[in-house]
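# Tertiary structure, described
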Amino acid sequence: ASLGYKSPFLCPMGMEKEANAAKINLAQQSMSDLMALSNAYNGWLRSKANFANKNFLSHQTMEYIHRLRLDLEAGSKDLLKAVPLDHADEHYLADACRAVLVAGLFPNLAWLTRFGKGQTLDGLKVKVHPGSVNSREGNSLVAFYEIQETTDRFLYD
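To keep things clear, this report deals only with the structure shown in the data block.

## A short note on the packing of helix 1 (residues 16–27) against helix 2 (residues 33–54)
Relative orientation of the contacting elements helix 1 and helix 2 amounts to 105 degrees, with a least axis distance of 7 Å. Classified by the angle between their axes, helix 1 and helix 2 sit roughly perpendicular to one another. Along the contact surface, helix 1 presents Lys 23, Leu 26 and Ala 27, while helix 2 presents Asp 33, Met 35, Ala 36, Asn 39, Ala 40 and Phe 51. The class makeup of the residues in the contact of helix 1 with helix 2 is 6 nonpolar, 1 polar and 2 charged.

## Looking at the sheet that holds strand 2 (residues 117–120)
Strand order in this open sheet of 6 strands is 4-1-2-3-6-5, and the pairing throughout is mixed. With partners counted over all chains shown, the strands left at the sheet margins are strand 4 (140–143) and strand 5 (146–149), one partner each. Put simply, the sheet's adjacent strands are angled 40 degrees from each other on average, direction ignored. Note: strand 1 (residues 109–114) against strand 2, 4 bridges, orientation antiparallel. Its bridge partner being in strand 2, Trp 111 is matched across the sheet by Gln 119.

## Quick notes on the packing of aromatic side chains
Within the structure shown, the criterion is met by 1 aromatic pair. Lying over the aromatic face of Phe 9, Lys 23 brings its terminal NZ or CZ to 4.7 Å of the ring centre. Over the aromatic face of Trp 44 sits the side chain of Lys 48, whose NZ or CZ is 4.1 Å from the ring centroid.

## A few points about the side chain of Lys 23
As for its placement among the helices and strands, Lys 23 is situated in helix 1. By relative accessible area, Lys 23 is classed as buried at 12%. Beyond its immediate sequence surroundings of up to four residues, Lys 23 is in contact with Phe 9, Asp 33, Ala 36, Gly 131, Ser 132 and Val 133.

## Digging into the pairing of strand 5
When strand 5 meets strand 6 (residues 153–156), the two strands line up antiparallel, connected through 4 bridges. Bridge pairing links Glu 146 to Tyr 156 in strand 6. Joining the antiparallel neighbours strand 5 and strand 6 is a turn of 3 residues.

## Focus on helix 4 (residues 90–105)
In an α-helix, one full turn covers 3.6 residues, which means residues spaced three or four apart are oriented alike. Given a rise of 1.5 Å per residue, 16 residues ought to cover 22 Å, and the 23 Å separating the end C-alpha atoms of helix 4 matches this to within 8%. When you tally the buried positions in helix 4, you get 0 out of 16 residues, a small fraction of the element. You can read the cap of helix 4 off the contacts: a side-chain oxygen lies 3.3 Å from the backbone nitrogen of His 91, and it is on Asp 89.

Rules used in this analysis
- Residues numbered from 1 in each chain as written.
- Predicted model: local features only at pLDDT ≥ 70, side-chain atom pairs only at ≥ 80, totals over all residues.
- Heavy atoms only, no water.
- Axes fitted to C-alpha atoms, helices over the stretch in contact; angles between N-to-C directions.
- Helix = DSSP H or I, 4+ residues; strand = E, 2+ residues; numbered from the N terminus.
- Parallel < 35°, antiparallel > 145°, perpendicular 65-115°, else oblique.
- Contact = heavy atoms within 4.5 Å.
- Nonpolar A, V, L, I, M, F, W, Y, C, P; charged D, E, K, R; others polar.
- Pairing = 2+ DSSP bridges.
- Phe/Tyr/Trp six-rings, centres within 6.5 Å; stacked < 30°, edge-to-face > 60°.
- Lys NZ or Arg CZ within 6 Å of the ring centre and 35° of its normal.
- Buried < 20%, exposed > 50% of the residue type's maximum accessible area, 1.4 Å probe, protein only.
- Expected span 1.5 Å × (residues − 1).
- Polar contact = N/O pair within 3.5 Å; in protein donor to acceptor, adjacent residues only side chain to side chain.

What follows is the structure in structure tokens.
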């Protein structure tokens, strides 16, 4: 739900280090911005604005993501009603969801050599966005959601 809307992570001027540290803390050593976002959402559900303020999150953006997630959940439930009984096993459905996610992101792999710089499978030179938990990573393979070209080519996971 969150990939279809703006990032809820805030980076106030003069508090960049604290905001980046909060995001890294939310990632819980996963090296994934998406996991940081998932953990942010789960924490926000427990204490809403208080959690958002403490972790440099936009409460309004989290509210929008929450509403979008509820809409997607309702649509998913409607789809799952059409699943044949012999395919309705929870483990089967979880495996199918993982396979769809991996297949959807497969071509979006990049090898980072140092300080968040690297190249995609197609040889395109890229950098991890400075606001990413992976911005200082090196010697690792990462999956990413998209590339945006502004002052440079930035990966977003």
